[in-house]
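Breakdown of the fold
Each chain is listed here by its residues.
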Amino acid sequence: MNDKPIHNRAWWFVLPVLVFVLFSSLIPMMTVVNYSVQDSMGQNNFFWNGAGWFQGLFDPTTDIGGRFAGALVRNLFFSLVVLALEIPLGIAVALCIPRQGWQVGAVLVAIALPMLIPWNVVGTIWQIFARQDIGLLGAALNGLGIPYNDTQDPLSAWSTIVVMDVWHWTSMVALLCYAGLKAIPDAFYQAARIDGARRWAIFANIEFPKLKKVLVIAVLLRFMESFMIYTEPMVVTGGGPGEATSFLSLDLVKIALGQVDLGNAAAMSLVYNLITLTLCWVFFTFTTHADQKGEA
Amino acid sequence: MSLALDHLGLTVDGIPVIRDVSLTLERGTMNVLLGPTLAGKTTLMRLMAGLDRPTSGRLLLDGKDITGVPVRRRSVAMVYQQFVNYPTLSVYENIASPLRVAKIAKGEVEARVQQAAKLLRLEKMLDRTPLQLSGGQQQRTAIARALVKRADLVLLDEPLANLDYKLREELREELPRIFAESGAILLYATTEPTEALLLGGNTATLWQGRVSQTGPTAAVYRRPHNIDAARVFSDPPLNELIVDKRGATVTLADGRSIPAAGPLGDLPDGSYRVGFRVDDVTVGGERPGVLSFPGRVSVTEISGSESFVHVDVGLATWVCLVRGVHEWEPGAAAEVHVDPGRIFVFDPDGRIAGLPAAMETV
Amino acid sequence: MARITLDGIAHAYGRPRTEQDYALKKLDHVWEQGMAYALLGPSGCGKTTLLNIISGLVTPSEGRLLFDERDVTRLPTEQRNIAQVFQFPVIYDTMTVAENLAFPLRNRRVPKPQIEARVAEIAAMLDLTADLDRRARNLTADAKQKISLGRGLVRSDVSAVLFDEPLTVIDPALKWELRSKLKAVHRALDLLMIYVTHDQVEALTFADRVVVMNDGRAVQIGSPADLFERPEHTFVGYFIGSPGMNFMPAEVHGTTALVEGHRLPLGQAYPPLPAGRIQVGIRPDFAMLSRDGGVPVQVRRIDDLGRRRLAHVTLGSRPLIATVPPDMTLDGSEAAVTLSPAHMHVYVDDVRVEGRAP
């Protein structure tokens, strides 16, 4: 019902932003699109390749296609694992944060700390942490007899990266859930106590339903960011050992900058972008639709 | 100065929310907009303020079409139900805020704020923040802010609904006096008929987005033009009865017949809806020449010096007023007497067909 | 449980130094089983604090709370056999109406057939039978409040139901229905019910006894008729009745009060009164306007309320509100007011003084 009187003058204010976006995003993006349909031998000689790069990309038997398929699977698996760990853990942490008193501020700051660290520093911290010679984690694990070697053992490398991401980002889920929990009026808890509900019943019947909206945001954000992850695994494992932790982003950088294979890289980056967008759109539409149907 | 609404209408998502409203508001009197919740009072006020654009019709201020004028350029002030104040500013700054936006000179700001504070008895609270004040004081701050703007149109949207009823009584007394000198056109929206009667002036009854009647408040109360106006202007709800008139007798839905008395007597044969208010019907006692219905008491509600007895007479449950504090036992048998000289008769379309003899007002 | 006893209950947040620091001042009272009580007073009068002490959400800083003879002062809410209905409906969104009502019984491991019978019984009492299988969150506010109430009533060991301004979010048109429903439930179940409100209509309709509170103190406890006809405190005279009682400073001698130079007859004979602020009070309902024969007054304004008319007059320099008889017409602003002696009360320092029969 917000039918404000229409003004067209406001569009002029948008012009500077449009120009900026044009230069910093749209034009570079169009360049990538250009690369993805051309073949270049350097010296700015371009030969039309049409959908050639894309065909190679989607054919798992080719070298590039195989790498792409493998990296895509790794990305999806990583996102799923990380979500499965971070969401329940975040909810659990949020339930433990005190609601009032001086402790609230102290706890919130402590929880927020991991999110404030620059991402390559996070990577460096864990890289050193995981070293078998001087790293606390690496040395301790090996000292306890657990075979741990993040540079040579794929399982160790994966575990390190997963744990690192959980350490880095569970706080965000926790803080979002805490905000959601704080919005629940006290009367609900009082009524539940009078009804004789146990702790789990209170969680299942009061807290979780009210957290659903917040969780949608949390899952969406975490999925997007974990699917696009680059800096941390790059610093910790560099994509190794071998290709064990080579995610799409890492591969892309290698192909584009390492091998200067612009055509393949451009095609891959476009597809990567489209996959991310599609997955997010599907997820978002699905959850908000379910939300509305629930409301009706 | 007057504000005229000319066939104003608003449709949202295909649903007409305001239907063909034509109304003229004059300044110098309290104009009341009376209607139940969701009748469209707030929507209509938003259209008048310019916050929403009507889908049809025009808004004329002193004959000039202001329908397309954005709210920022209109001279309008609005007071809401929920004591809307700037929480971080002092009361003084809150009241001064519209003047600061209009870049009024400092000396003038001081004068006007002090004047408004005096009218609303806030002089001692000027340097507190709204959250340190009671509900009544917060609402007075909001009213002062509307007053100080000296707007042509002041819209009050159920401003007293969130206050304790004693505070409501006090503030309601003061409101007409406070705005009397501002020379603005006042519109006060409320759901309570009693409040409309206490404020006096002119009332427009609103039901489902349509204005059913306008006129001096007491006249709308006593002489409703249609059943919607009568229903809106009754609290407790209007007691109703469907009757079928043939000649000198009137048949009820359960087959009983009663003589056609009062306004029913002069009407042509047909089906009618009879309405009467709580004070036109009593319980107990014997009164000759009245319409009587046996029934059972379902509950008694006591309000200060009056008792409202709900009696189930089979055809409906009616609410009757008894003076004094009386408690009837639920389930007790009771006889309801309706004064036929005081009933409203409506035809099947809802239009008034018969009125009681006009009551004299002082 | 037959009764709730307040033994010297008082409550202050933090450490109290003076009496003003107490949110709830010392109170001794016995609440009888089966009666409906209302706690009535303006915002901040302490009524919600008192309710929370009874329900267990607040532990009083002084005094004892007894359920029958059992000291429950420090007992947590869930062990007190009470039910509470809050200002806004508290329902479990994920469950249907039937599941909501069954919840407290399921938590206490009551056998399923018994649960179903009880749920059906309570739903019938509250007119919720048609909605039993609908999702609770899709219902209107008043239906949700009924569910909140139902959840409290469904336990058969509940001996007291506490209401904290339960009609706040209800549509005004439906408040009538819900109030009647509450009264009907009270009659049917013979429970002790305590109802907090700032609305005198709700309080007087619902309760057998009303506790009028102001500033942390229980000013008067009585039936609606008592509060109306014999207010023990000027606050009660002011707060009950719309409009409230008229008060005028006076000098009282025997059976006469001298107000603004006029002699007004009183219904009782008073001994010489102690020093203090002396006032007489009379409700507008018992001050009738007439053309002549009574105390002369100036009419300032007549309010037409539909079913009655009120005259705002001045007696000398004192404002007064009187009732205008139905068939009276007035010309000019000169009139007279007849004050019914039987309903004139004398107050010294805001407290009513009882006289003797004349």
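Moving on: the overall build of chain B. Check the secondary structure of chain B and you find eight helices and 21 strands. Taken over the C-alpha atoms alone, chain B extends approximately 75 × 45 × 40 Å along its principal axes. For chain B, the proportion of its 362 residues judged to be buried stands at 53%. For chain B, the proportion of contacts with a sequence separation of at least 24, taken over those separated by at least 6, is 66%. Charge separation in chain B, taken as the distance between the mean sites of 40 positive and 43 negative side-chain charges, equals 8 Å.

This part takes up the interface of chain B and chain C. Listed as interface residues are 39 residues of chain B and, on the opposing side, 39 residues of chain C. Contact between chain B and chain C buries roughly 3200 Å² in total, counting both sides, with carbon and sulfur atoms accounting for 53%. Residue Glu306 of chain B is joined to Arg307 of chain C by a salt bridge in which the shortest nitrogen-to-oxygen separation is 3.9 Å. In this assembly, chain B and chain C are joined by 10 residue pairs in polar contact (both at pLDDT 80 or more). If you list the elements that add at least two residues to the side of chain B that touches chain C, you get helix 5 (165–180), helix 6 (193–199), helix 7 (217–222), strand 16 (291–303), strand 17 (306–312) and strand 18 (317–323) of chain B. Residues belonging to the side of chain B that touches chain C are distributed by class as follows: 16 nonpolar, nine polar and 14 charged.

Next up on the list: the packing of aromatic side chains. For any two aromatic rings, the description comes down to two numbers: the centre-to-centre distance and the angle of the planes. Residues and elements named next belong to chain A. Per the counting criterion, the structure on display carries 27 aromatic pairs over all chains. Relative to Phe68, the ring of Phe58 lies with its centre 6.2 Å away and its plane at 80 degrees, an arrangement referred to as edge-to-face. Placement of Phe58 in helix 2 (residues 52–58) and of Phe68 in helix 3 (residues 63–96) is noted, with a sequence separation of 10 residues between them. On the accessibility criterion, Phe58 (53% relative accessible area) is exposed. Considering the side-chain rings of Phe203 and Phe208, the 5.9 Å spacing of their centres and the 45 degrees angle between planes classify their relative orientation as tilted. In this structure an aromatic cluster arises from ring pairing among Phe77, Phe78, Trp158 and Phe247. The side chain of Lys210 reaches across the aromatic face of Phe188, ending 4.7 Å from its centre.

Taken as a whole and assessed by the stated rule, the structure comprises 45 salt bridges over all chains. For Arg177 of chain B, the salt bridge identified is with Glu174 of chain B, shortest N-O distance 3.8 Å. Of this pair, Arg177 of chain B and Glu174 of chain B both sit in helix 5, three residues apart, which is roughly one turn of that helix. Under the relative-accessibility criterion, Arg177 of chain B is labelled partly exposed at 48%. Through salt bridges with shared partners, one network takes in Arg67, Arg74, Glu243 and Asp251 of chain A.

Working note: regular strand, side chains alternate between the two faces of the sheet. All names here are of chain C. Summarising burial for strand 3 (residues 36–40): five of the five residues are buried, a large majority. Judged by which residues are buried, strand 3 turns out to be covered on both faces: Ala36, Ala38 and Leu40 on one side and Tyr37 and Leu39 on the other are all buried. With five bridges connecting them, strand 3 and strand 8 (residues 192–197) associate as parallel partners. What sits directly across from Ala36, in strand 8, is Met193.

What counts and what doesn't
- Residues numbered from 1 in each chain as written.
- Chains lettered and ligands numbered in written order.
- Predicted model: local features only at pLDDT ≥ 70, side-chain atom pairs only at ≥ 80, totals over all residues.
- Heavy atoms only, no water.
- Helix = DSSP H or I, 4+ residues; strand = E, 2+ residues; numbered from the N terminus.
- Buried < 20%, exposed > 50% of the residue type's maximum accessible area, 1.4 Å probe, protein only.
- Contact = heavy atoms within 4.5 Å.
- Lys, Arg positive; Asp, Glu negative; His and termini not counted.
- Charge placed at Lys NZ, Arg CZ, Asp CG, Glu CD.
- Buried area = accessible area lost by both parts, 1.4 Å probe.
- Salt bridge = Lys/Arg side-chain N within 4 Å of Asp/Glu carboxyl O.
- Polar contact = N/O pair within 3.5 Å; in protein donor to acceptor, adjacent residues only side chain to side chain.
- Nonpolar A, V, L, I, M, F, W, Y, C, P; charged D, E, K, R; others polar.
- Phe/Tyr/Trp six-rings, centres within 6.5 Å; stacked < 30°, edge-to-face > 60°.
- Lys NZ or Arg CZ within 6 Å of the ring centre and 35° of its normal.
- Pairing = 2+ DSSP bridges.

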